[in-house]
Amino acid sequence: MLYRRIGDTNITISEIGIGVWSLVTDWWGADTNKAEDILRKAYELGINFYDTADTYGEGKGEEIIAKVLETKRDNIVILTKIGYDFYHKEGGKVRQRFDIPYLEFALKKSLERLRTDYIDILMIHNPKINVIKNTEILSFLRSLKKDGIIGMYGVALGPTLGWEEEGIEAINMGYESLEYIYNIIEQRPGNKFLKYEKIGHIIRVPHASDVLIEDKWPLISDPKLHRSLKDSRWLNEGIRRSLKLKEFANSKGTKLSELALKFILSNKNVSSVVPNITSVNELEEYVKVENLPILTEDDLKYINEYYKKYYEDLNEESIKETLRYK
């Protein structure tokens, strides 16, 4: 397993990370009973980076990390997120909260579930611009780092793509890391974020809601799955436009799904990519990507020209999806 230093810190994480959301929820079609097996196997394969949030499974994501990897605590890096108050639902609904007393409460609960006294990377979860600009929140996070309770703080952008203004504002405010969607089809706004070298870049949804995983074609509509947030027309059009890229990947001796990960890891500013892993087989396949030849300048030129010809308008549609959440 290869490792990279995250941002301007001494924290070193595996290039391939584990996103616990795909293990403890059914958003990605995983068998949640296999979550422990996947985490154990990931550690055996050299993965030291585990990305979760308090809201994933309403605490289950953090609990399962502790259950499986508590004795390996000094050898792993945990990223968790806070900001969704699932403890006090209103009409059965979860709302966001970023007031300091709540953040203190949520952090305490996360530490208890993780059975640890520190969190390597703490992020505020899907904040809007007013929250990112709130200096009181930033000061609170900085104080946690100063006290050794966290090693790094950042912003997880979402739930959809977009969020360019929020990401740039977070960087300008001094947040140390970002987590966001970035892939061959949806390169904006990630390309702007990736110009910043001294912050950590955690990449999620590298396969564009499964469009870039040929083994899952055709994508069957299922309201339980996370990709149901995408318009089915977008998904089907994405697959149709990816056929020639699949041929290109095959000509290089790789699968399209592997090419998607190699593309992201070709950027030296990426700290780690977190694919949506739902089985041990997928885990093993994605880890092998590191052994594939690096993409050449000609390969990257081809992919970028392909994006401009076939994907740019799909990228724009994804950005517009964000408007409903603002």
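In this convention, every chain numbers its residues from 1, walking through the sequence in written order. The predicted origin of the model limits local features to residues at a pLDDT of at least 70 and limits the giving and counting of side-chain atom pairs to 80 or more, whereas totals for whole chains, interfaces and linings rest on all residues. As a rule here, side-chain values cover all heavy atoms of the structure and leave hydrogens and water aside.

1. Here we look at the sheet that holds strand β5 (residues 77-82)
In this description, strands pair whenever DSSP reports at least two bridges between them. Only DSSP runs of H or I reaching four residues or more are called helices, and only runs of E reaching two or more are called strands; each is numbered from the N terminus. Pairing in this open sheet of eight strands is parallel, and the strands run β3-β4-β5-β8-β9-β10-β11-β12 from one edge to the other. The outermost strands of the open sheet, each flanked by one partner alone, are β3 (18-19) and β12 (272-274). The pairing of β3 with strand β4 (residues 49-51) spans two bridges and is parallel. Counterpart to I18 in the pairing with β4 is Y50. Contact definition: two residues touch when any of their heavy atoms are within 4.5 Å. Where helices are involved, their axes are fitted lines through C-alpha atoms of the stretch in contact, as for all axes, and angles between N-to-C directions lie from 0 to 180°. Sheet strands touched by helix α6 (residues 135-146): β8 (119-125) and β9 (150-156). Its angle to β9, the strand with the most contacts, is close to 150 degrees.

2. Let's talk about the nonpolar core
Nonpolar side chains in soluble globular proteins tend to be buried together. To define a nonpolar core, start from buried Ala, Val, Leu, Ile, Met, Phe, Trp, Tyr and Cys residues and group those joined through side-chain atoms within 4.5 Å. Relative accessibility decides the category of a residue: with a 1.4 Å probe and only protein chains considered, values under 20% of the type maximum give buried, values over 50% give exposed, and everything between is partly exposed. Counting 102 residues, the largest nonpolar core has I18, Y50, I137, L141, Y175, L178 and Y311 as its most contacted members. Setting aside its immediate chain neighbours within four residues, I137 contacts F98, I100, L103, I124, V131 and Y175.

3. Some thoughts on the pairing of β9
Summarising burial for β9: six of the seven residues are buried, a large majority. One ladder, built from six bridges, connects β8 with β9; its direction is parallel. Across the sheet, I119 pairs through a bridge with I150, a residue of β9. The sheet contact formed by β9 and strand β10 (residues 177-181) spans three bridges and is parallel. Each bridged residue has a counterpart across the sheet, and for G154 the counterpart in β10 is S177. Here a crossover is taken to be right-handed if, once the strands point away from the viewer, the path from the first strand over the helix to the second is traced clockwise. On the question of chirality, the crossover connecting β9 to the parallel β10 by way of helix α7 (residues 164-173) is right-handed.

4. Things to note about the pairing of β5
Buried residues dominate β5, accounting for six of its six residues. Burial of the side chains of β5 extends over both faces: V77, L79 and K81 are buried on one face and I78, T80 and I82 on the other. Of the pairings in the sheet, the one linking β4 to β5 comprises three bridges and is parallel in character. Among the inter-strand pairings, Y50 is bridged to a residue of β5, identified as I78. Between the parallel pair β4 and β5, the chain is carried across by helix α3 (residues 60-69), and the sense of this crossover is right-handed. Relative to β8, β5 runs parallel, the two sharing four bridges. By the bridge assignment, K81 is partnered in β8 with M123.

5. Topic: helix α10 (residues 243-251)
Those residues of α10 that fall on the buried side of the exposure criterion are L245, F248 and A249. Along α10, the residues classed as buried sweep out an arc of 100 degrees about the axis, all on the same side. Exposed residues pointing more than 90 degrees away from the buried face of α10 are listed as E247 and S251. Looking at the buried side of α10, the elements it contacts are α11 (256-265) and α13 (297-321). It is the directions from the helix axis to the C-beta atoms whose arc is reported.

6. As for unusual backbone geometry
P159 follows G158 through a cis peptide bond whose omega is 20 degrees. Within the fold, P159 resides in the loop between β9 and α7. Between W217 and the following residue, P218, the backbone shows a cis peptide bond with an omega angle of -15 degrees. Of note, V205 is a non-glycine position whose phi angle comes to about 50 degrees, a positive value. For D210, which is not glycine, the phi dihedral falls at a positive 80 degrees. Along the chain, D210 turns up in the loop between β11 (200-204) and α9 (232-241). By relative accessible area, which is 4% here, D210 ends up buried.

7. Looking at the packing of α9 against α13
Contact geometry of α9 with α13 gives a least axis separation of 11 Å together with a crossing angle of 170 degrees. It follows from the interaxial angle that α9 and α13 lie roughly antiparallel. Contacts from R233, W234, E237, G238 and R241 of α9 reach α13 at Y306, Y310, Y311, D313, L314, E317 and S318. All residues other than Ala, Val, Leu, Ile, Met, Phe, Trp, Tyr, Cys, Pro, Asp, Glu, Lys and Arg, Gly among them, are scored as polar; the first ten of these are nonpolar and the last four charged. For the contact of α9 with α13, the residue count by class is five nonpolar, two polar and five charged. When describing relative orientation, an angle under 35 degrees is termed roughly parallel and one over 145 degrees roughly antiparallel, while 65 to 115 degrees is termed roughly perpendicular and anything else oblique.

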